[in-house]
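# Structural features, examined
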Amino acid sequence: MKASATVKTIELGEYRINYASEGSGPTMILLHGSDKREDWKVWEPLMELSKDFSLVIPDLVGFGRSTIPVETPDYKVQARVLHEMMERLGVQKAILVGTSWGGQVALEVAINWPQTVDSLVLISSTYDKPQLLRLKTMKRPTLIIWAEDNLVAQLKAGYLLRDSIRTARIEVLGAVAKNPNYDFTIAHKLERYKKDVIISLIRDFLSSPSEKIAEPPELEPELKGLAMKEQKEEES
């Protein structure tokens with residue numbers, strides 16, 4: 001499966017994007033994290049999904065064999081470039097799967113171009129507070145996957161993300177960082193170290209996304225505070 005992926009490049013304005021593709025079916029775009037060593041190959045453990053989906057896996061700008069500018073563009077620029085890439089490839093709607101910072105890029109695409117996103121899968125996703133306040137308008141079925149012992153992005157962040165999206169469910173894995181051969185960060189890299197569980201969760205969720213999401217939960221206290229602050233600013 002690894003060897004059969006087709007690797008191509010596409011020119012998008014000032015950036016050249018390297019990407020791998022494999023499979024057939026609904027389009028699924030997988031986005032890696034912000035570690036400078038990462039590229040599309042971090043998703044090789046999940047290439048089995050190509051049996052059910054048409055996978056498109058880019059090296060984000062500043063990573064792998066894509067253009068490496070002096071400064072790596074932020075998640076907002078990455079989202080814009082990804083949207084342009086989808087247009088150029090003729091992808092009208094896709095499932096976005098992001099791990100860590102890749103999840104933040106996926107969220108930004110869904111916020112700004114919700115009509116292009118069918119559903120999302122966020123694995124140990126990062127985000128910022130301005131995004132949380134904008135997610136209530138996204139209304140896309142979302143699966144959030146977290147490890148209970150993730151010390152890079154603690155579990156509370158996963159619940160806060162669920163509460164802000166309002167059309168999401170969260171799946172919490174038991175302690176992952178037990179293997180003495182690895183450091184604690186493996187609990188943040190579930191796509192590599194818990195691939196069988198991740199594949200199973202993704203397939204189950206995507207079999208009927210709208211039916212899998214939970215009822216809108218009570219907002220976490222931190223999110224309530226953000227919402228109240230936003231409301232006061234609008235009234236003023």
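If you're wondering where the values come from, they're calculated on a predicted model, not measured in any experiment.

## Brief notes about the overall build of the protein chain
- Counting secondary structure elements, the protein chain contains eight helices and eight strands.
- Out of the 236 residues belonging to the protein chain, those deemed buried represent 52%.

## Some words on the packing of aromatic side chains
- This structure, assessed with the given rule, holds one aromatic pair.
- Taking the centre distance of 6.1 Å and the plane angle of 45° together, the rings of phenylalanine 63 and tryptophan 101 count as tilted. Placement of the pair is phenylalanine 63 in the loop between β4 (54–58) and α1 (75–89) and tryptophan 101 in helix α2 (residues 101–112), with a sequence separation of 38 residues. One exposure class covers both phenylalanine 63 and tryptophan 101, and it is buried.
- Geometry around phenylalanine 63 places lysine 36 over its ring, the cationic atom sitting 4.4 Å from the centre.

## Digging into the environment of histidine 188
- Examined against the element boundaries, histidine 188 turns out to sit in the loop between β8 (168–173) and α5 (190–193).
- The exposure class of histidine 188 is buried, given its relative accessible area of 7%.
- Between the C-alpha atoms of histidine 188 and valine 176, which are twelve residues apart in sequence, the distance is 9.0 Å.
- Apart from residues lying up to four places away in sequence, histidine 188 is in contact with Thr99, Ser100, Ser124, Asn150, Val152 and Ala153.

## Remarks on the pattern of salt bridges
- Evaluation of the coordinates by the stated rule reveals eleven salt bridges.
- When the shortest N-O distance is used, the salt bridge between glutamate 38 and arginine 192 registers 3.0 Å. Here glutamate 38, found in the loop between β3 (27–31) and β4, pairs with arginine 192, found in helix α5; they are 154 residues apart in sequence, far enough to count as distant.
- For glutamate 38, a relative accessible area of 7% puts it in the buried group.
- Among the ionic pairs, arginine 203 bridges to glutamate 48, the shortest N-O distance being 3.1 Å. In this pair, arginine 203 is assigned in helix α6 (residues 195–206) and glutamate 48 in the loop between β3 and β4, connecting sequence segments 155 residues apart.
- In this structure arginine 203 comes out as partly exposed when scored by relative accessible area, which is 28%.
- One salt-bridge network, in which partners are shared between bridges, spans Glu38, Glu191 and Arg192.

## Regarding α1
- Look at α1: 21 Å from first C-alpha to last across 15 residues, which is about the 21 Å you get at 1.5 Å a residue.
- Buried residues of α1: Tyr75, Gln78, Ala79, Val81, Leu82, His83, Met85 and Met86, and no others.
- The residue sitting at the N-terminus of α1 and contributing the capping side-chain oxygen is aspartate 74; that oxygen lies 3.1 Å from the backbone nitrogen of lysine 76.

## Considering the packing of α1 against α2
- With their axes 8 Å apart at the nearest point, α1 and α2 run at an angle of 60° to one another. Along this stretch, α1 crosses α2, giving a crossing that reads as right-handed. Residues Tyr75, Lys76, Gln78, Ala79 and Leu82 of α1 lie in contact with α2, whose contacting residues are Trp101, Gln104, Val105, Glu108 and Val109.

Thresholds applied
Residues numbered from 1 in each chain as written. Predicted model: local features only at pLDDT ≥ 70, side-chain atom pairs only at ≥ 80, totals over all residues. Heavy atoms only, no water. Helix = DSSP H or I, 4+ residues; strand = E, 2+ residues; numbered from the N terminus. Buried < 20%, exposed > 50% of the residue type's maximum accessible area, 1.4 Å probe, protein only. Phe/Tyr/Trp six-rings, centres within 6.5 Å; stacked < 30°, edge-to-face > 60°. Lys NZ or Arg CZ within 6 Å of the ring centre and 35° of its normal. Contact = heavy atoms within 4.5 Å. Salt bridge = Lys/Arg side-chain N within 4 Å of Asp/Glu carboxyl O. Expected span 1.5 Å × (residues − 1). Polar contact = N/O pair within 3.5 Å; in protein donor to acceptor, adjacent residues only side chain to side chain. Axes fitted to C-alpha atoms, helices over the stretch in contact; angles between N-to-C directions. Left-handed = near helix turned anticlockwise from the far one by under 90°.

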